[in-house]
Amino acid sequence: QVQLVESGGGLVQPGGSLTLSCAASGFTFSRYAMRWHRQAPGKQRELVASITSTRGSANYADSVKGRFTISRDDANNTVYLQMNSLKPEDTAIYYCNAARGVIYWGKGTLVTVSS
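None of these values were measured; they are calculated from a predicted model.

Taken in spatial order, the four strands of this open sheet run β1-β3-β8-β7, and their pairing is antiparallel. The sheet is open, and its two borders are formed by β1 (3–7) and β7 (68–73), each paired with just one other strand. Along the sheet, successive strands turn relative to each other by an average axial angle of 15°, direction set aside. Examined bridge by bridge, strand β3 (residues 18–25) and strand β8 (residues 78–83) share six bridges and lie antiparallel to one another. For L20, the partnering residue across the bridge sits in β8 and is L81.

Structure, rendered in structure tokens:
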């Protein structure tokens, strides 16, 4: 059974940091590209960051470039999203997904950036 379980969300003040984790099981994690998406209230889901399998090349949305870092630990089947210098507009539910022909989604974790 495929599972993607996100964790690490919460309430943080503007300028603060959070690290999200996504633990994967039920598929060969190392062969899948991994991505973080987010969906803010009233908005469409958007791609935030992605990391390829094998080489681990990363790409970012312009809105988070220089502030967020995606990484993966294939030994522990986990992908991370380090978020620094958080802004109120980063408030959203953050989802991870795994992609290799088929796409698997987690259920998301809520990040709220507010003073």
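This part is about the pattern of salt bridges. Two side chains of opposite charge can pair, provided their charged atoms sit close to one another. All told, the structure shown has five salt bridges when counted by the stated rule. Residues K65 and D62 are paired through a salt bridge, measuring 3.1 Å at the closest nitrogen-oxygen approach. The partner of D90 in a salt bridge is R67, with the nearest N and O atoms 2.8 Å apart. Highlighted residues: D90 in the loop between β8 and β9 (92–100) and R67 in the loop between β6 (58–60) and β7, separated in sequence by 23 residues. The same class applies to D90 and to R67, which are both buried.

Here we take up the nonpolar core. For soluble globular proteins, the rule of thumb is that nonpolar side chains tend to be buried together. W36, V79, L81, M83 and Y94 are the most contacted members of the largest nonpolar core, which totals 29 residues. Of all the secondary structure elements, the ones that give two or more residues to this core are β3, β4 (33–39), β5 (46–51), β7, β8, β9 and β11 (109–113). If we ignore the near neighbours within four places in the chain, the residues touching Y94 are E6, L20, W36, H37, R38, V48, F68, L81, M83, G108, T109 and V111.

Pairing geometry for β7 and β8, over six bridges, is antiparallel. Across the sheet, F68 pairs through a bridge with M83, a residue of β8. Joining the antiparallel neighbours β7 and β8 is a turn of four residues, in which N77 adopts a positive phi near 55°.

Next up on the list: the environment of D62. Position of D62 relative to the elements: it lies in the loop between β6 and β7. With 14 residues separating them along the chain, D62 and V48 place their C-alpha atoms 8.6 Å apart. Reaching out from D62, the side chain makes a polar contact with the side chain of K65 at a distance of 3.1 Å.

The rules we used
Residues numbered from 1 in each chain as written. Predicted model: local features only at pLDDT ≥ 70, side-chain atom pairs only at ≥ 80, totals over all residues. Heavy atoms only, no water. Pairing = 2+ DSSP bridges. Helix = DSSP H or I, 4+ residues; strand = E, 2+ residues; numbered from the N terminus. Axes fitted to C-alpha atoms, helices over the stretch in contact; angles between N-to-C directions. Salt bridge = Lys/Arg side-chain N within 4 Å of Asp/Glu carboxyl O. Buried < 20%, exposed > 50% of the residue type's maximum accessible area, 1.4 Å probe, protein only. Core = buried A, V, L, I, M, F, W, Y, C linked by side-chain atoms within 4.5 Å. Contact = heavy atoms within 4.5 Å. Polar contact = N/O pair within 3.5 Å; in protein donor to acceptor, adjacent residues only side chain to side chain.

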